[in-house]
Amino acid sequence: MSGPQPHAPGRRAERNRAWWFWVFVGPFVLGLGLFTYVPLAWSVWLSFFDAHNTVTPDRFVGLDNYLALLRDDAFRSSLMTFCVFTLFIVPTTYAASLALALMVNRLRRAQAFFRSVFFLPAACSYVVAALIWKMSLFNGVRFGLANTLLGYAGSDPVAWLSTTDPPWYWLVIVTVRLWLQAGFYMILLLAGLQRISPTLYEAAAVDGARPGWQVFRHITFPQLRATSVAVVLLLVINAFQAFDEFYNLLSDARGYPPYARPPLVYLYYTALGQGQNLGLGSAGAVLLALIIAVVTAGQARWFGLGRKEAD
């Protein structure tokens, strides 16, 4: 007669843990596959077909959609728009976020209050913020806030969103994105600042380092390297995905102007516009994803992300 199985309760507990793991994780995995990976795979498949007004095409065209995009001046212009937008928004957002993080980190009272105040715009809808910027701050008539201030200075009103020489619309686009996301990245940089050991500053003071720029340059900024790299990567990726502020600021009843079209606006009109060329739009989405992946990997390699620190 065999004795009791000593490991049976352990195996039963392990099965119970596996069961509850899939109870909680299973719906998330199912939703991720159904609403993310299946559409991605379908988009890649559509990019090799002539898919006008249909998501079930039958005419295979191979790489023709990709070649047509690369030859399209409008698509190349949209990539140039992204480059200009990135040159504006990445350094300004990083500098503003770092300045806010440094100021909040120095506070001894009400730090949680100011952290919440600066983070609050991140919870605002991009669409709502864009409409406020368009209708109240930079609406192009003399009653807008910006033109009212110019009127006090004796200047004429400026059509901010329709003037291309000089391109004042960049001021509107960059400021709304800066207001929306500076607080979020401030939180990331603030977390990095609070992880710096106080002993480093004490040792610097003993060695005679002057507080201010000297301490920031030689201690604070180098210690923020990993956080700064992550912030810059996120800023570039988010710049590639810009759509809401461009579309809601610049489009009107007549449509979208021919200038300042980022890639997602171009793909929106390609896939959902009059032609509804879903094959061409899918090819553009795949190209955009590849560009983001290559740029991100190149930045990570250039910044040495994940590289072991030298002993």
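Computed from a prediction, not measured in an experiment: that's the story for all the values here.

**Observations regarding the overall build of the protein chain**
Part 1: Secondary structure summary: the protein chain contains 13 helices and 0 strands in total.
Part 2: Order of helices (α) and strands (β) in the protein chain, N terminus to C terminus: α-α-α-α-α-α-α-α-α-α-α-α-α.
Part 3: In terms of overall dimensions, the protein chain is more spread out than a globule: its C-alpha atoms have a radius of gyration of 26 Å, far above the 19 Å expected for 311 residues.
Part 4: Its C-alpha atoms give the protein chain principal-axis dimensions of roughly 95 × 75 × 35 Å.

**Concerning the environment of Pro157**
Part 1: Looking at where Pro157 falls in the secondary structure, it is placed in the loop between α6 (145-152) and α7 (169-194).
Part 2: When its relative accessible area of 46% is taken as the criterion, Pro157 is described as partly exposed.
Part 3: For the pair Pro157 and Asp64, spaced 93 residues apart in the sequence, the C-alpha separation amounts to 47 Å.
Part 4: Each residue touching Pro157, except ones within four places of it in the same chain, is listed here: Arg142 and Asn147.

**Examining the pattern of salt bridges**
Part 1: Summed over all chains, the structure comprises 4 salt bridges.
Part 2: Where Arg254 meets Asp252, a salt bridge forms, and the shortest distance between an N and an O atom there is 3.0 Å.
Part 3: Assessed through its relative accessible area of 78%, Arg254 is described here as exposed.

**So, the packing of α7 against helix α10 (residues 225-240)**
Part 1: Their axes nearest at 10 Å, the elements α7 and α10 cross at an angle of 155 degrees. Comparing the axis directions of α7 and α10 gives the class roughly antiparallel. By crossing handedness, the relation of α7 to α10 is classed as right-handed. Contacts between α7 and α10 involve Arg177, Gln181, Tyr185, Leu188, Leu189 and Gly192 from the first element and Thr227, Ser228, Val231, Leu234, Leu235, Asn238 and Ala239 from the second.

**What to know about the packing of aromatic side chains**
Part 1: Inspection of every chain in the model, using the stated rule, returns 28 aromatic pairs.
Part 2: For the ring pair Phe138 and Trp160, a centre distance of 5.2 Å and an interplane angle of 80 degrees mean the geometry is edge-to-face. Taken as a pair, Phe138 in the loop between α5 (126-137) and α6 and Trp160 in the loop between α6 and α7 lie far apart in primary sequence, 22 residues in all. In this structure, Phe138 and Trp160 share a single accessibility class: buried.
Part 3: Judged by centre distance (6.1 Å) and plane angle (80 degrees), the rings of Trp170 and Phe246 are edge-to-face. Note that Trp170 is positioned in helix α7 and Phe246 in helix α11 (residues 244-250), a separation of 76 residues in sequence.
Part 4: Accessibility expressed as a relative area gives 0% for Phe246, which makes it buried.
Part 5: Through a chain of ring-to-ring contacts, three or more aromatic side chains come together here, namely Phe85, Phe88, Tyr169, Trp170, Phe246 and Tyr259.
Part 6: Of note, Arg261 hangs over the ring of Tyr269, and the distance from its end group to the ring centre comes to 5.2 Å.

**Considering the side chain of Ser282**
Part 1: Relative to the helices and strands, Ser282 resides in helix α13 (residues 278-303).
Part 2: Looking at Ser282, the relative accessible area reads 8%, which means it is buried.
Part 3: Excluding residues within four positions of it along the chain, Ser282 makes contact with Ser43, Leu46 and Ser47.

Parameters and conventions
- Residues numbered from 1 in each chain as written.
- Predicted model: local features only at pLDDT ≥ 70, side-chain atom pairs only at ≥ 80, totals over all residues.
- Heavy atoms only, no water.
- Helix = DSSP H or I, 4+ residues; strand = E, 2+ residues; numbered from the N terminus.
- Rg over C-alpha atoms; globule rule 2.2 N^0.38 Å.
- Buried < 20%, exposed > 50% of the residue type's maximum accessible area, 1.4 Å probe, protein only.
- Contact = heavy atoms within 4.5 Å.
- Salt bridge = Lys/Arg side-chain N within 4 Å of Asp/Glu carboxyl O.
- Axes fitted to C-alpha atoms, helices over the stretch in contact; angles between N-to-C directions.
- Parallel < 35°, antiparallel > 145°, perpendicular 65-115°, else oblique.
- Left-handed = near helix turned anticlockwise from the far one by under 90°.
- Phe/Tyr/Trp six-rings, centres within 6.5 Å; stacked < 30°, edge-to-face > 60°.
- Lys NZ or Arg CZ within 6 Å of the ring centre and 35° of its normal.

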